[in-house]
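Commentary on secondary and tertiary structure
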Amino acid sequence: MYVCICHALNDKQVTKALENGARTPASVFRHYERQVQCGKCVPMMREMAQSHCANQCHSCSTHTATPQPALLPEPANAESFPYGVAAE
Ligand code: FES
């Protein structure tokens, strides 16, 4: 299933990035040397990252087994992103 249409990233590729240390949509994009474009995929990537951390991220120092609603504040320029989401 495609997660990011703009960059043709599917769920297996996103999962692979998460397994290799990505913890946010922005870090998934960095893993593939891409940048967010339309932003429509960011909520799904964020859910995948939170689910990954809740289920498999036992050694990560920034995440716990219980998903946190707002682990990181939105960046100062968050309003410039479409759909009200930021990739971090
Ligand atoms: S669908 Fe991912 S940036 Fe557009």
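The structure we're discussing is the one just above.
Structural notes, computed from the coordinates. (Residues numbered from 1 in each chain as written. Predicted model: local features only at pLDDT ≥ 70, side-chain atom pairs only at ≥ 80, totals over all residues.)

**Describing the overall build of the protein**
Put simply, the rule reads: Helix and strand assignments come from DSSP, with helices taken as H or I runs of at least 4 residues and strands as E runs of at least 2, each series counted from the N terminus. Burial is judged by counting the other C-beta atoms within 10 Å of a residue's own C-beta: 20 or more makes it buried, 12 or fewer makes it exposed, and any count in between marks it as partly exposed, with every C-beta position built from the backbone. By definition, residues are in contact whenever their C-beta atoms, placed on the basis of the backbone, come within 7 Å of each other.
Of regular secondary structure, the protein possesses three helices and two strands. Beginning at the N terminus, the succession of helices and strands in the protein can be written as β-β-α-α-α. Residues classed as buried in the protein amount to 25% of the 88 residues present. Intrachain contacts of the protein at a sequence separation of at least 6 include 49% that bridge at least 24 residues.

**Some points on the nonpolar core**
Note on soluble globular proteins: their nonpolar side chains tend to be buried together. Note the cut-off: Think of a nonpolar core as buried Ala, Val, Leu, Ile, Met, Phe, Trp, Tyr and Cys residues chained together by C-beta atoms that fall within 7 Å.
Ranked by internal contacts, the top residues of the largest apolar core, which has 17 residues, are V3, V14, L18, V28 and M45. For this core, the elements supplying multiple residues, two or more each, are strand 1 (2-4), helix 1 (11-19), helix 2 (25-31) and helix 3 (42-56). For this core, the element with the most residues is helix 3, which contributes five residues. Residues contacting V3, with those up to four places away along its chain left out, are L9, N10, D11, V14, C41, M44 and M45.

**Comments concerning the environment of E19**
Along the polypeptide, E19 turns up in helix 1. Expressed as a C-alpha distance, the spacing of E19 and A49, which sit 30 residues apart in the sequence, is 9.7 Å.

**Examining the environment of Q13**
Mapping Q13 onto the fold places it in helix 1. Each C-alpha atom of the pair Q13 and V28 lies 8.9 Å from the other, and the pair is 15 residues apart in sequence.

**Comments concerning helix 1**
What counts, and what does not: The reported arc concerns the directions from the helix axis to the C-beta atoms and nothing else.
Looking only at helix 1, the buried set comprises V14, A17 and L18. Take helix 1 and look down its axis: the buried residues cluster within an arc of 100°, on one side only. Across from the buried face of helix 1, at angles greater than 90 degrees, the exposed residues are K12 and E19. Buried residues belonging to helix 1 abut strand 1, strand 2 (9-10), helix 2 and helix 3. One or two residues past the end of helix 1 sits G21, with phi positive at roughly 110°.

**Focus: unusual backbone geometry**
Even without being glycine, A8 reaches a positive phi, approximately 50°. With respect to the helices and strands, the residue A8 is situated in the loop between strand 1 and strand 2. The phi torsion at E33 lies on the positive side, around 55°, for a residue other than glycine. With respect to the helices and strands, E33 occurs in the loop between helix 2 and helix 3. When the 7 C-beta atoms within 10 Å are taken as the criterion, E33 is described as exposed.

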